[in-house]
Amino acid sequence: MKKINRRSFLKGGVAGTAAVATTGLSSKASAAGDFGGYPDSMGVLVDLTKCVGCRTCEAACNKEQGLPAPDLPFDDFSVFDMKGHGGQKRRTSEKEYTLVNRYDIPGRDKPIFRKFQCNHCQEPACLTSCFVNAYTKTKEGAVIYDESVCVGCRTCMVACPFYVPTYTYSSAINPVVKKCIMCYDTRLKFGRPPACVEACPQEVMTFGKRKDLINLGREKIKRNPGKYIDHIYGEKEVGGTSWMYMSDVSFDQVGFDTHLGNQPIISYVKDFLAMVPMVLTIWPALFTGFHLLSNRKKANEEKENSKS
Amino acid sequence: MIRKKKKILGMAVVMSLATSFPLFAQMSAEDAPETIEIGSIAEMYEPVVFDHAAHVLMVESCSFCHHHTTGTAPEKENCAKCHQEGDEASSVACVDCHEVKPFSSANLKAKGSDPLLYHVGRPGLKGAYHQNCIGCHEQVGAPTGCQDCHARNDKGDQLFHSGKYAPEPGKTGGHH
Amino acid sequence: MNKLKARGFSPVVTHRKEDGSRWTVKEKLMLGLTPKEYWATQFKNPFNWIIAVIYAVGLPVLVGRFIFGLGWATHSSYDYPWGLFLGWGLFVMVPLSASGFMMGTTVELFGRKDFKSLERLGLLNGLLGYLFAVVFLQVDLGQPWRLVYPMFVSLGPAAVLFLVAWHVATYLSVQVAELVPAFSEWMGLKKPKKFIKSIVLGLTISGIILSTLHQGALGGLFTYTPGKLHPLWFSSAFQWLHFFCSSIFGGLSMLIVVSTLTKWFMKWRCDDKFLKNLDYCTLGLAKGCSLALITYLVIKIIAVAHDNEWGYLFSGWGQWYLFELTAGVVAPMVLYALAIRNQNASLARFAALLAVLGIALNRMNTALWAFNWKLYQEIPHWREVMIAITVYTTYIVVYRFVLARMPIVYSWKGDE
């Protein structure tokens, strides 16, 4: 911006806008809207009705991801009664990428458990909001994160509709974001299921191609009339997620946000993104025009004055 | 459906040893071993010594656990559409249908390439055991804790950060 | 200082002393007083003592933030990633600093030379506001060496924040350039001033573009949060427009507030032209503000209608929303209109204060209070509050320092 004059500025502005319009912002943004996920990406179907709350998945995750020792042993079930801020149930943290919460539903003969971890969206809000491109949606379906480029702005945490990414607030020198990566580095990449899936004694989670899992879920709903809520959470929510859920109680009773809609988060941002190239192209011409107009008026006035 | 009998009756069952399975239309419980040690998939736990004989006495039919493979009539109406009474399978062992690694690439590929596969939701071996056992135990009020059936070994304690690997009490860190 | 002036002291306004010798930079920094006199006046100023107390408490806490991390200093959490540093430091400071591009546009682009005496104050208000927004950002991120990552190391051009980063960075340099004339006059350098003058139109237009986009982009950031931000404050279609439009009256109102404070506390530094024009300029700005306010109000109402959110107005959140609109938008709008009608600059100044507070309330609502409305309220940690006050105090100190020296509210005499 140092050596800028009007002409080169206008030139640069137009060229820059053209470049942005063809390659950058708008194309990426519109492509994002149509992106329904990689065709053969993997996923996990979680059948909440099967979970018994043994927390083996939490222990397996802790080991697989080399996380710090927990505050309480993984076979301590008092954690289900723990209450966080504002009476919230437990949530994931920089030390635990997954956890199970217990919900006591009136009228249900036993409590229902819900496993929580990153849902690995098809069009992740964390990814689309990251201005250093730290996130990647792999073709296997995992949403992974490169902490070496993270600035620590935490916009991903603000953007994630599921409150998944966490942050190492305790680190002064190099705080980074932490979240479930679907065991991409150690397992998924090699075609193996995530550690929690494999460790689960109840086989609450089914690992497979996402599209197969959707069929499986529908089939299970059909073959067990009256057992499941007729909805696979994550099939369509916020553009679809790689992790999907089946339940026999309504999803809002087990801590799912059922008001998120089916649009990917980026679709809400597009109104703004679409405006950007417009401002970049129209503003320079418009305001130069204003300037010329207002000066012309002045010049004319001066002319008039000198005449009279 | 489930009759609870005194365990003592189970003990009274006499096993005929060293007999091959005769070609009966239905197998009988006497053909099965009295106890089965299930340890093939346990890494973190001691093997389970499953008292088959005792459990036989608690259920009406082998189908309660073995679906249709033993030749008894299937419990579920839907299963009965294909599997009739007397329709005995070549194997009754759980592991012969329920895979040890249900999500291995090979298994997923095999399942994915068979569009006519009917048993799409068939659990793996570990899932089958636990769903079957715990499902019933919950209903009849039998023990459901992990270590009620199989004691955890040292490796398991390590994984669960329990026993001698338990974190020091009162040392809670982390962020709000 | 006002008392000194009353006793006949006149601060430096030219390069030469009365005896014809040049002021040295050091003497200029001391405003033409001897060091002894200078420090004596500083010690007598009660405001400096308040600052000293704030620093005594705040600086150790600020240092602590960099030693013990953000978790120690703030209540930021996994649910509430952003606290006061961004809520106040970025989202409130930036719209209140929109005066730079507004004044540049008015004077340079539309040729309204009658606002010339306020232009530099507008530019300075813009530059310092942005500068300290970046300082707040640094306090929040705590990794200054990673500041260039989005620029050069790893680029995510489809992200809204990418726009904010690039535009704030470029705009900051535009504003520095725009203030070079004031600095070069004070230093006695001719060339830079001449050069900037030749490109001032380009600078001004780029200022408009960059400001439109990044003021809008700050609002655009919240379009990522449809499930988290309360629907009354969330608008996919209009969020950027809300933020941009409110920054217009936000920046201008802040300029009125700052010029008023300058008139009260730094009258000794203002020249006659500035003081004489101030009421006229204030009322002129008031006109701009009232127009922007009515536009903003209409778009706010359209947004509620667009997403059919009338029902929410009757909830507790709705009352809070209506309070924000009434006290922060409608009230200043009406007061501005009355002030213009009665040519009452004092009333316009009060309206400006309300508008500034209204902007602050709106941004804090969006970033903190109405965010996570389905969860729980987060109350900032006392250390977080203390650090925010300390940084803001530094902003005021730097502001005052520049204002007292560079020709911002007075004209430099005798260019050489």
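Residues numbered from 1 in each chain as written. Chains lettered and ligands numbered in written order. Predicted model: local features only at pLDDT ≥ 70, side-chain atom pairs only at ≥ 80, totals over all residues. Heavy atoms only, no water.

Remarks on the overall build of chain A
Per the secondary structure count, chain A includes 8 helices and 9 strands. Taken over 308 residues, chain A has a buried fraction of 56%. Considering only contacts within chain A whose residues lie at least 6 apart along the sequence, 61% involve residues at least 24 apart. (Helix = DSSP H or I, 4+ residues; strand = E, 2+ residues; numbered from the N terminus. Buried < 20%, exposed > 50% of the residue type's maximum accessible area, 1.4 Å probe, protein only. Contact = heavy atoms within 4.5 Å.)

Some details on the overall build of chain C
In terms of regular secondary structure, chain C is built from 17 helices and 0 strands. The C-alpha atoms of chain C give 22 Å as radius of gyration, which agrees with the globular expectation for 416 residues (22 Å, within 12%). Per-residue burial for chain C yields a buried fraction of 61% across its 416 residues. The contacts of chain C with a sequence gap of at least 6 include a subset with a gap of at least 24, amounting to 80%. Here chain C displays about 16100 Å² of accessible surface, and carbon together with sulfur accounts for 71% of that area. Of the charged side chains in chain C, 37 are positive and 21 negative, and the gap between their average positions amounts to 5 Å. (Rg over C-alpha atoms; globule rule 2.2 N^0.38 Å. Areas by Shrake-Rupley, 256 points an atom, 1.4 Å probe, with all protein chains shown as cover. Lys, Arg positive; Asp, Glu negative; His and termini not counted. Charge placed at Lys NZ, Arg CZ, Asp CG, Glu CD.)

Topic: the interface of chain A and chain C
The interface is formed by 69 residues belonging to chain A together with 70 residues belonging to chain C. Summed over both partners, the interface of chain A with chain C buries about 6000 Å², with 67% contributed by carbon and sulfur atoms. It is Phe131(A), Val158(A) and Tyr169(A) that lose the most area in chain A upon contact with chain C, and together they represent 13% of the buried surface on that side. Inspection of the chain A/chain C interface yields 3 salt bridges. Ionic pairing is found between Lys374(C) and Asp257(A), a salt bridge with its closest N-O pair at 3.3 Å. Looking at the side of chain A that touches chain C, the elements that each hand over two or more residues are α1 (6–22), α2 (25–34), α4 (125–129), α5 (155–159), β6 (166–167) and α8 (266–307) of chain A. When residues in the side of chain A that touches chain C are grouped by element, the largest group, 18 residues, is from α8(A). Considered class by class, the residues forming the side of chain A that touches chain C number 38 nonpolar, 20 polar and 11 charged. (Buried area = accessible area lost by both parts, 1.4 Å probe. Salt bridge = Lys/Arg side-chain N within 4 Å of Asp/Glu carboxyl O. Nonpolar A, V, L, I, M, F, W, Y, C, P; charged D, E, K, R; others polar.)

What about the nonpolar core?
One broad trend across soluble globular proteins is that nonpolar side chains are buried collectively. Counting 225 residues, the largest nonpolar core has Phe91(C), Leu121(C) and Tyr336(C) as the members making the most contacts within it. Setting aside anything within four residues of it in sequence, one finds Phe91(C) in contact with Trp82(C), Leu86(C), Leu218(C), Leu221(C), Phe222(C), Phe243(C), Arg363(C) and Ala367(C). (Core = buried A, V, L, I, M, F, W, Y, C linked by side-chain atoms within 4.5 Å.)

Structural notes on helix α14 (residues 272–306) of chain C
Residue and element names in this part refer to chain C. With 35 residues, α14 ought to run about 51 Å at 1.5 Å a step, and its terminal C-alpha atoms sit 50 Å apart, in line with that. Roughly 45° is the biggest bend found in α14, and it falls at Leu-278. Of the residues one or two after α14, Asn-308 is the one with positive phi, at around 45°. (Expected span 1.5 Å × (residues − 1). Bend = angle between axes of the 7 residues up to and from the residue.)

Looking at the packing of helix α8 (residues 116–141) of chain C against helix α10 (residues 160–187) of chain C
Residues and elements named next belong to chain C. Across the interface, α8 lies against α10 with an axial gap of 9 Å and an inter-helix angle of 135°. Taken together, the axes of α8 and α10 are oblique relative to one another. Handedness of the α8/α10 crossing: left-handed. Taken together, the residues of α10 that come into contact with α8 (itself represented by Arg-120, Leu-123, Leu-124, Gly-126, Leu-127, Tyr-130, Leu-131 and Val-134) are Val-168, Tyr-171, Leu-172, Gln-175, Val-176, Glu-178, Leu-179, Pro-181, Ala-182 and Glu-185. (Axes fitted to C-alpha atoms, helices over the stretch in contact; angles between N-to-C directions. Parallel < 35°, antiparallel > 145°, perpendicular 65-115°, else oblique. Left-handed = near helix turned anticlockwise from the far one by under 90°.)

As for the interface of chain B and chain A
The partner chain A presents 38 residues to the 30 residues of chain B that form the contact. When chain B packs against chain A, the two sides together hide about 2700 Å² of surface, and 59% of this comes from carbon and sulfur. When the buried surface of chain B facing chain A is broken down by residue, Phe103(B), Leu159(B) and Phe160(B) rank first, second and third, together holding 25% of it. On the surface where chain B and chain A come into contact, there are 2 salt bridges. Between chain B and chain A we count 12 residue pairs in polar contact (both at pLDDT 80 or more) in total. Elements with a contribution of two residues or more to the side of chain B that touches chain A: α5 (105–112), α6 (125–140) and α8 (154–160) of chain B. It is α6(B) that provides the largest number of residues to the side of chain B that touches chain A, a total of 6 residues. Residue classes in the side of chain B that touches chain A are distributed as 12 nonpolar, 12 polar and 6 charged. (Polar contact = N/O pair within 3.5 Å; in protein donor to acceptor, adjacent residues only side chain to side chain.)

Some details on the environment of Ser235(C)
Residues and elements named next belong to chain C. Assignment of secondary structure puts Ser-235 in the loop between α12 (200–220) and α13 (239–265). Given a relative accessible area of 2%, Ser-235 falls into the buried group. Along the primary structure Ser-235 and Lys-17 are separated by 218 residues, whereas in three dimensions their C-alpha atoms are 59 Å apart. Not counting residues up to four positions away in its chain, the partners in contact with Ser-235 are Thr-223, His-242, Ala-303 and Asp-307.

Describing the UniProt feature "transmembrane region" (unreviewed entry) in chain A
UniProt annotation of "transmembrane region" (unreviewed entry) refers to residues 272–293 of chain A when read in the numbering used here. Secondary structure over residues 272–293 of chain A splits into 100% helix and 0% strand, and the C-alpha atoms at its two ends are 30 Å apart. (UniProt positions renumbered as here; feature names shortened; annotations may be inferred.)

Structural notes on α6(B)
Residues and elements named next belong to chain B. In a regular helix each residue adds 1.5 Å, so 16 residues correspond to 22 Å; α6 covers 23 Å between its end C-alpha atoms and thus fits that length. Taken as a whole, α6 has its buried residues at Leu-125, Gly-127, Ala-128, Tyr-129, His-130, Ile-134, Cys-136 and His-137. Positive phi appears at Gly-141, one or two residues downstream of α6, with a value of about 80°.

Re the layout of surface pockets
Where empty space is left can be seen by rolling a probe of water-molecule size over the atoms. Residue and element names in this part refer to chain C. In this structure, the second largest pocket spans a volume of roughly 1400 Å³. Taken together, the elements giving at least two residues each to the lining of the second largest pocket come down to α1 (2–6), α3 (35–44), α4 (46–68), α13, α16 (345–369) and α17 (382–405). Looking at the lining of the second largest pocket, the element that brings in the most residues is α17, giving 10 residues. Counted by class, the lining of the second largest pocket contains 32 nonpolar, 6 polar and 5 charged residues. (1 Å grid on protein atoms, 1.4 Å probe; cavity = no way out; pocket = protein on both sides within 12 Å on 5 of 7 lines; lining within 4 Å. Points joined across faces, edges and corners; volume = space filled by probe spheres on them.)

Let's talk about the pattern of salt bridges
When the charged atoms of two side chains lie near each other, side chains of opposite charge can form a pair. Within the structure shown, the criterion is met by 32 salt bridges over all chains. Among the salt bridges present, the one from Asp154(B) reaches Lys164(B), with a minimum N-O distance of 3.4 Å. Residue Asp154(B) is found in helix α8, and its partner Lys164(B) is found in the segment after α8; the two are separated by 10 residues along the sequence. Note that Lys113(C) and Glu108(C) form a salt bridge whose closest N and O atoms lie 4.0 Å from each other.

A look at the side chain of Ser154(C)
In this structure, Ser154(C) sits in the loop between α9 (149–153) and α10. Side-chain polar atoms of Ser154(C) contact the backbone oxygen of Val132(A), separated by 2.3 Å. If we skip the residues at most four places from it in the chain, Ser154(C) touches Phe131(A), Val132(A), Asn133(A), Val149(A) and Tyr149(C).

So, the packing of α4(C) against α17(C)
All names here are of chain C. Across the interface, α4 lies against α17 with an axial gap of 8 Å and an inter-helix angle of 130°. By the angle class used here, α4 and α17 are oblique. As for the relative orientation of α4 and α17, their crossing is left-handed in sense. Contacts between α4 and α17 involve Phe-47, Asn-48, Ile-51, Ile-54, Tyr-55, Val-57, Gly-58, Leu-59, Val-61, Leu-62 and Arg-65 from the first element and Trp-382, Arg-383, Met-386, Ile-387, Ile-389, Thr-390, Thr-393, Thr-394, Ile-396, Val-397 and Arg-400 from the second. Each residue belonging to the contact of α4 with α17 can be placed in one class, and the counts come to 14 nonpolar, 5 polar and 3 charged.

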